[in-house]
Amino acid sequence: MKLTQVILLFLCFYLSFCKVKDQKQKNQEEMEKVKVTSTSGTPQEDLVDKKCLREKYTHLSCQKVFCQPWQRCIEGTCICKLPYQCPKGGAPVCSTNGKSYPTYCQQKSLECLHPETKFLSNGTCTANGQFEVTLKYGKKYSEGIVEVKFAGQNKTMFICNDSWSITEANVACLDLEFQQGANDTQGSFHFPEDLHINSTECLHVHCQGFESHLAECTFTKRKAKNYQALASVTCYTQNAVSPTNNSFQCVNGKHIPQSKACNGDDDCGDQSDELCCKGCHDKAFHCKSGVCIPKQHVCNGEVDCITGEDEVHCEGFSHVAQEETEILTANMDAERRRIKSLFPKLSCGVKKSTPTRRKRVVGGKPAGPGDFPWQVAIREDGKINCGGIYIGGCWILTAAHCVRASKVHRYQIWISLIDWITYNAGIVVRMVNKIIVHEKYNGTTYQNDIALIEMKKHASKNNCMLPTTVPACVPWSPYLFQPNEKCIISGWGRDRDNAKVYSLHWGEVRLIGNCSNFYPGRFFEKEMECAGTDDGSIDACKGDSGGPLVCMDANNVTYVWGVVSWGENCGRPEFPGVYTKVAHYFDWISYHVGRSLISQHNV
Ligand code: 4AZ
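A brief look at the structure comes next. Computed from a prediction, not measured in an experiment: that's the story for all the values here.

Some remarks on helix H5 (residues 166–175)
An α-helical turn contains 3.6 residues, so any two residues separated by three or four positions project in the same direction.
Item 1. With respect to burial, H5 is a largely interior element, nine of its 10 residues being buried.
Item 2. Among the residues making up H5, those that are buried are Ile 166, Thr 167, Glu 168, Ala 169, Asn 170, Val 171, Ala 172, Cys 173 and Asp 175.
Item 3. One or two positions beyond H5, positive phi appears at Glu 177, with a value near 75 degrees.

Overview of the pattern of salt bridges
Item 1. As enumerated under the stated definition, the model contains 21 salt bridges in all.
Item 2. Glu 525 is the salt-bridge partner of Lys 51, the closest N and O atoms lying 3.4 Å from each other.
Item 3. By relative accessible area, which is 43% here, Glu 525 ends up partly exposed.
Item 4. The salt bridge partner of Arg 522 is Glu 568, with a shortest N-O separation of 3.0 Å. Here Arg 522 is found in the loop between strand E26 (505–512) and strand E27 (528–532), whereas its partner Glu 568 is found in the loop between strand E29 (558–566) and strand E30 (577–581), with 46 residues between them in sequence.
Item 5. Given the relative accessible area of 38%, Arg 522 is considered partly exposed.

Observations regarding the site of the ligand
Item 1. Neighbouring the ligand are Asp 539, Ala 540, Cys 541, Lys 542, Ser 545, Val 564, Trp 566, Gly 567, Asn 569, Cys 570 and Gly 577.
Item 2. Take Asp 539: an N or O atom from its side chain is 2.8 Å from a nitrogen atom of the ligand.
Item 3. Separating a nitrogen atom of the ligand from a backbone N or O atom of Ala 540 is a distance of 2.8 Å.
Item 4. Here the ligand loses 83% of its free accessible area of 310 Å² to cover by the protein chains.
Item 5. Within the shell around the ligand, the residues separate by chemical class into five nonpolar, four polar and two charged.

Quick notes on the nonpolar core
Item 1. Membership of the largest hydrophobic core comes to 89 residues, with the highest contact counts inside it found for Ile 391, Leu 397, Ile 413, Leu 452, Met 455, Leu 549 and Ile 589.
Item 2. The contact partners of Met 455, leaving out residues within four places of it in the chain, are Tyr 390, Cys 394, Trp 395, Ile 396, Ile 413, Ile 415, Arg 430, Met 431, Val 432, Asn 433, Cys 464 and Leu 466.
Item 3. With 40 residues, the next largest nonpolar core counts Trp 70, Cys 86, Val 146 and Phe 178 among its residues.

Digging into the state of the cysteines
Item 1. Scanning the model with the defined rule gives 20 disulfides in all.
Item 2. Between the sulfur of Cys 80 and that of Cys 112 lies a disulfide, 2.1 Å long from S to S. Negative torsions about the S-S bond denote left-handed disulfides, and the value of about -80 degrees found for Cys 80 with Cys 112 makes this one left-handed. Note that Cys 80 is positioned in strand E2 (residues 77–80) and Cys 112 in helix H4 (residues 104–113), a separation of 32 residues in sequence.
Item 3. Each sulfur of the disulfide joining Cys 386 and Cys 402 lies 2.0 Å from the other. Here the S-S torsion is close to -80 degrees, and the disulfide linking Cys 386 with Cys 402 is therefore left-handed. Linking Cys 386 in strand E20 (residues 383–392) with Cys 402 in the loop between strand E21 (395–398) and strand E22 (411–415), this pair joins segments that are 16 residues apart in sequence.
Item 4. Residue Cys 386 is classed as buried on the basis of its relative accessible area of 8%.
Item 5. By relative accessible area, which is 8% here, Cys 402 ends up buried.

Topic: the pairing of strand E7 (residues 143–149)
Item 1. Of all seven residues making up E7, seven are buried, and the element is well covered by its neighbours.
Item 2. Relative to E7, strand E6 (residues 132–136) runs antiparallel, the two sharing five bridges. Residue pairing across strands places Val 133 opposite Val 148, the latter belonging to E7.
Item 3. With three bridges connecting them, E7 and strand E12 (residues 232–235) associate as antiparallel partners. Directly across from Ile 145, in E12, lies its bridge partner Ser 232.
Item 4. Of the strand pairs in this sheet, E7 and strand E8 (residues 156–158) are connected by three bridges, and their pairing is antiparallel. Each residue of the ladder has a partner; that of Lys 149, found in E8, is Thr 156.
Item 5. Taking the residues that link successive antiparallel strands as the turn, the E7-E8 hairpin has six residues, and the phi of Gly 152 there is positive, at about 80 degrees.

About the criteria used
- Residues numbered from 1 in each chain as written.
- Predicted model: local features only at pLDDT ≥ 70, side-chain atom pairs only at ≥ 80, totals over all residues.
- Heavy atoms only, no water.
- Buried < 20%, exposed > 50% of the residue type's maximum accessible area, 1.4 Å probe, protein only.
- Helix = DSSP H or I, 4+ residues; strand = E, 2+ residues; numbered from the N terminus.
- Salt bridge = Lys/Arg side-chain N within 4 Å of Asp/Glu carboxyl O.
- Near = heavy atom within 4 Å.
- Polar contact = N/O pair within 3.5 Å; in protein donor to acceptor, adjacent residues only side chain to side chain.
- Areas by Shrake-Rupley, 256 points an atom, 1.4 Å probe, with all protein chains shown as cover.
- Nonpolar A, V, L, I, M, F, W, Y, C, P; charged D, E, K, R; others polar.
- Core = buried A, V, L, I, M, F, W, Y, C linked by side-chain atoms within 4.5 Å.
- Contact = heavy atoms within 4.5 Å.
- Disulfide = S-S within 2.5 Å.
- Pairing = 2+ DSSP bridges.

Laid out in structure tokens, this is it:
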């Protein structure tokens, strides 16, 4: 062996990221990948929900994920806010167009509208040079070692490989104008033989994934004890990767190995590989909504799952203490979190007190005062024929088949009612101002069986003055609750043997998937929900219509998941109760009652 060869080999071994692997080794790695299974023992390919993939969800799909604070959710898509819609307060930031903006949110909302102007630095703009990223020593223009240069500094620096993941690699490639991000967290390169790098001086970088410029990520300088490998990257180019039948196609057109879908990491760069997951790889956390998030995001103080379960039962959970670090750039992730904390909070779905339910709908138990503070009764010509759900302001949600828009004067809304023979204390009665029946309500098929009732305002006040009621939250996503989850129905409807019931009853039911099996041709999955019990012992019945099917999320917040609509008879297991799926009508409701009344989490 020649001396140069020996040196090269040594370098290669020493730096450990030269991608010289023989084919045999590569094949073996591929085999290993295929064999990896999830926690539940499901093969990886089975983790992906194919039907869900057809919806082409991405990081902008607010039925699956939360929007960024500089976006808002309209009709299922995160759209850019206008800068004035950002919360006030914060420090100025400088953008790549040389302009300063009053807050980070304002700069990001403008960037969202005009992606060519990116974040540059915090503070006002000074003629201080730019933050720059370059790929060095690569064999191709799309790969190499990642080199950064900070504004106002002449020295360039490298990044340590141990802080480098696909999240950071994607941001670096986006920064370098590779629209589809990174193909790999490593890239091949040739080190010039005469180059001496003091690798104990490499930087650590941490990105969240929303950044478009590496300058937005947090750089820290850690006192490295010994030699560290340097971060390199291969950016994604259209012709570099040919799809195989073992590859996953991202919504943005990128192809990634199937084994990387549902692993918690945003390999696609648009998150489309993490949003349709029946389960996740070991190192990821599975949100009930079918989304995989990195395990590090669990109990980190920020809710990632729309269903909220990543931030519950976190007592005693402590993060690994950070090494002593020196932050070199502004912490824009902390700023993003601060902006999020400024949004108004909706108060819905949380009872003022938790009264004890007296143990005792078809097969239900009687409710006590305060048990169902959102439940109302709709009285028509002296009789209670339907229920309704208070959702805030002066608004009641009910079934279209319960009301007629032209007969406003006929109805009364009875609030805090328990028993309509022996009236309880605290009952409030309101007249009706307006009834809005869904334009596409079909009385034959029961499609769009949903209506809104606006109560008349209190005579002297300009509101509805309902001290004892609590609105139920309106679900904004059909993924908040899943088949088999336990929910509650309540109402003054008939008993099993069609006997009249005079007091509010409730019962626990489970959401049922595949309800078309019970009602072929009559059940419309996107618009309707089924719920019941295995033996049919608990069910809604005549008189319960328009009333609530409520479900509680991981934080014990109650949502009106369904409106009692129809069903073949009552209490028969082969014919479960059918409910209008409220989440499907979020935009319709929000259009009529006003966004701010029912919008939580910036949706
Ligand atoms: C009704 O007639 C009705 N078992 C409501 C719910 C169900 C059946 C009938 C569901 O209002």
